[in-house]
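Residue strings, one per chain:
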Amino acid sequence: VDVFQAWCGPCKPVVNLFQKIRNKVGSNLLHFAVAEVDSIDALEKYRGQCEPVFLFYTGGELVAVVRGADAPLLQKTILELL
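The protein appears in an unreviewed UniProt entry as TXND6 protein from Gymnorhina tibicen.

Written out as structure tokens, the structure reads:
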């Protein structure tokens, strides 16, 4: 989940990275979503930050958090979790 604030928007370059990985591993294993922190109370702790935050869930449980649009770290995290 790409967690963002309305004033800075979702991280568009990372969407391309997720699509590339999803094409490699299959659409059933990896799902990508965006969530605006200002409209979701459960994400309140991520408000007021100027860097993107990526939350990784498996079976409904939060399993990893990556702060910043660090493409190599995001790719490593995704592949390790898969």
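Anyway, onward from the coordinates.
Chemist: Explain helix 2 (residues 71-81) to me, using residue names and the numbers behind them.
Modeler: Within the sequence span of helix 2, burial applies to Leu74, Thr77 and Ile78. Down the axis of helix 2, the smallest arc covering the buried residues is 95°, so these residues share one side. Opposite its buried face, helix 2 presents the exposed residues Pro72 and Glu80, each directed more than 90 degrees away. Looking at the buried positions of helix 2, the neighbouring elements they touch are helix 1 (12-25), strand 3 (53-58) and strand 4 (61-67).

Chemist: Requested: an account of the sheet that holds strand 2 (residues 34-36), with residues and values cited.
Modeler: Here four strands make up an open sheet; going across it, the order is 2-1-3-4 and the pairing mixed. Of all strands in the sheet, those with a lone pairing partner are strand 2 and strand 4, marking the two edges. With strand direction ignored, the average angle separating the axes of adjacent strands in the sheet is 25°. Across three bridges, the pairing between strand 1 (residues 2-4) and strand 2 is parallel. Bridged to aspartate 2 within strand 2 is valine 34. Those strands touched by helix 2 are strand 3 and strand 4, and its axis lies near 160° from that of strand 4.

Procedures and definitions
Residues numbered from 1 in each chain as written. Predicted model: local features only at pLDDT ≥ 70, side-chain atom pairs only at ≥ 80, totals over all residues. Heavy atoms only, no water. Buried < 20%, exposed > 50% of the residue type's maximum accessible area, 1.4 Å probe, protein only. Helix = DSSP H or I, 4+ residues; strand = E, 2+ residues; numbered from the N terminus. Arc of directions from axis to C-beta. Contact = heavy atoms within 4.5 Å. Pairing = 2+ DSSP bridges. Axes fitted to C-alpha atoms, helices over the stretch in contact; angles between N-to-C directions.

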